[in-house]
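Okay, here's what each chain looks like letter by letter:
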Amino acid sequence: MSTAEAQQVRAPPTARNVVQFLRSSKSGMKIRVGALNGKRVDYFKGKSATKALLSPAYAKLKNVPAVTTEAEAEKVLASIIPYAFYLRIDRGNATGSSTSPRHVTVTPQQAFAAEAYYAWFYEGSQWTTYAGGLLMVAIMLAGVMFPLWPPIMRLGVWYISVAMLGVIAAFFGLAIVRLIFYIITVVVASPGIWIFPNLFADVGVIESFIPVWEWDLPKKKGGKKKKGKAVAGTTPEEKLATNGGAFIEEVVDESTESSRPGSQSARVEEVLDEDS
């Protein structure tokens, strides 16, 4: 057992729960890769861990320290450092090109800071790795021992493989037919018709076949409608301001006794300036 593992064993359950949350994908932390003594290690920035402890996912956890502010999050993260789940590091130059992992070294003085970087010395739960390895070995053994399978199992596998090949062939055949039909309709009935236009769209299986056909019309770009501005000098107040207190108003003759169309007359109205 290494020194780091010996210190990790002494960690209380609350600290271990926090570490397991930070090491899981639920935390949403950005993980970087560095080179420490020739070995690749994962490391993260302190600010990323602080945001993870303030996230709603952490608030749903049980048997973990309560965190409501950044100061409390930094205090919790600093209390975990002595158990060597992660240690503060300094970043150096890249090991090769600009995209290669950087050299990292563990700093002598361990303290938590939001702008500092910390390397992981804890791999987290390994049951998924072990389960995946066992499943891969079982599949390989089953493939090697295929001649020893019972006849009914071999027949079932044959039917399944033929069905899968048939589905793949039908998909490629449909793609070729719809392309040929589109080319014909482009010449005969422009702009062309697509059969199953959402076949290659990022939608569900059922939505890929809805609608059955569609015209190949260009997508309209939504432009912003410009609001029309009112013409200056159309309101009575503006007319008063421009004509010095007087304006001419057209009056429509609404008399019903005359058979002529409604005549228009003009009158001059003098309006007193209230400011004088």
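Above: the structure in question.
Residues numbered from 1 in each chain as written. Predicted model: local features only at pLDDT ≥ 70, side-chain atom pairs only at ≥ 80, totals over all residues. Heavy atoms only, no water.

Draft legend 1. Just the overall build of the chain, in detail. Within the chain, the secondary structure is distributed over eight helices and nine strands. By residue count, 21% of the 276 residues in the chain fall in the buried class. A fraction of 49% describes how many contacts in the chain between residues 6 or more apart in sequence connect residues 24 or more apart. Total accessible area computed for the chain in this model is approximately 20,800 Å², and 62% of it derives from carbon and sulfur atoms. (Helix = DSSP H or I, 4+ residues; strand = E, 2+ residues; numbered from the N terminus. Buried < 20%, exposed > 50% of the residue type's maximum accessible area, 1.4 Å probe, protein only. Contact = heavy atoms within 4.5 Å. Areas by Shrake-Rupley, 256 points an atom, 1.4 Å probe, with all protein chains shown as cover.)

Draft legend 2. Fine view of the pattern of salt bridges. With the rule as written, the count across this model stands at four salt bridges. Taking the shortest distance from any N to any O, the salt bridge between R23 and E123 comes out at 3.9 Å. With R23 in helix α2 (residues 13-23) and E123 in the loop between β5 (117-120) and α6 (127-144), this residue pair connects regions lying 100 residues apart in the sequence. For E123, a relative accessible area of 58% corresponds to the exposed category. Counted as one network, the salt bridges with shared partners bring together R23, D42 and E123. (Salt bridge = Lys/Arg side-chain N within 4 Å of Asp/Glu carboxyl O.)

Draft legend 3. Looking closely at the nonpolar core. If you look at the biggest cluster of nonpolar residues, it comprises 27 residues, and the most contacted ones within it are V18, L22, L53, I80 and Y86. Elements with a contribution of two residues or more to this core: α2, α3 (46-53), α5 (70-80), β3 (86-94) and β5. If you tally residues by element for this core, the top one is α2, at five residues. When near neighbours in sequence (up to four residues on either side) are disregarded, V18 contacts L53, Y58, V64, P65, V76 and I80. L36, I89, Y117 and A119 belong to the second-largest nonpolar core, a separate cluster that totals seven residues. (Core = buried A, V, L, I, M, F, W, Y, C linked by side-chain atoms within 4.5 Å.)

Draft legend 4. Region of interest: the pairing of strand β4 (residues 102-106). Pairing between strand β1 (residues 32-36) and β4: two bridges, direction parallel. Within β4, the residue paired with A35 across the bridge is H103. As defined by bridge partners, β3 adjoins β4 across four bridges and the pair is classed as antiparallel. Across the sheet, D90 pairs through a bridge with T105, a residue of β4. (Pairing = 2+ DSSP bridges.)

Draft legend 5. Representation of the pairing of β1. Sheet analysis places β1 next to strand β2 (residues 39-45), joined by five bridges and oriented antiparallel. Across the sheet, the residue bridging to A35 is R40, located in β2.

Draft legend 6. View of the sheet that holds β2. An order of β1-β2-β5-β3-β4 is seen for the five strands of this closed barrel, with the pairing classed as mixed. Strand-to-strand twist in this sheet, taken as the mean axis angle between neighbours without regard to direction, amounts to 55°. Across the sheet, α3 is in contact with β2 and β5; its angle to β2 comes to roughly 60°. (Axes fitted to C-alpha atoms, helices over the stretch in contact; angles between N-to-C directions.)

Draft legend 7. Region of interest: unusual backbone geometry. Omega for the bond connecting S190 with P191 falls within 30 degrees of zero, at 10°, which places this linkage in the cis form. Turning to its location among the elements, P191 is positioned in the loop between α7 (151-188) and β6 (193-195). Of note, the amide linkage connecting I210 to P211 takes the cis form, showing an omega dihedral of -5°. One can find P211 in the loop between β6 and β7 (213-215). One non-glycine residue with positive phi stands out, namely N37, at about 55°. Within the secondary structure, N37 sits in the loop between β1 and β2.

Draft legend 8. Local environment of the side chain of T107. Structurally, the position occupied by T107 is in the loop between β4 and β5. Among the polar contacts made by the side chain of T107, one reaches the main-chain carbonyl oxygen of Q109 at a distance of 3.2 Å. (Polar contact = N/O pair within 3.5 Å; in protein donor to acceptor, adjacent residues only side chain to side chain.)

Draft legend 9. Representation of α2 within the structure. Within α2 the residues assigned to the buried category are A15, V18, V19, F21 and L22. The arc that holds the buried residues of α2, viewed along the axis, is 160°, so those residues lie on one side. Of the surrounding elements, those touching the buried residues of α2 are α3, α4 (56-59), α5 and β5. (Arc of directions from axis to C-beta.)

Draft legend 10. Just the environment of Y182, in detail. Its location among the elements puts Y182 in helix α7. Take Y182: its relative accessible area is 17%, and that puts it in the buried class. A C-alpha to C-alpha distance of 5.6 Å links Y182 and W194, two positions twelve residues apart in sequence. Residue contacts for Y182: discarding those within four places in its chain leaves P191, G192, I193, W194 and D216.

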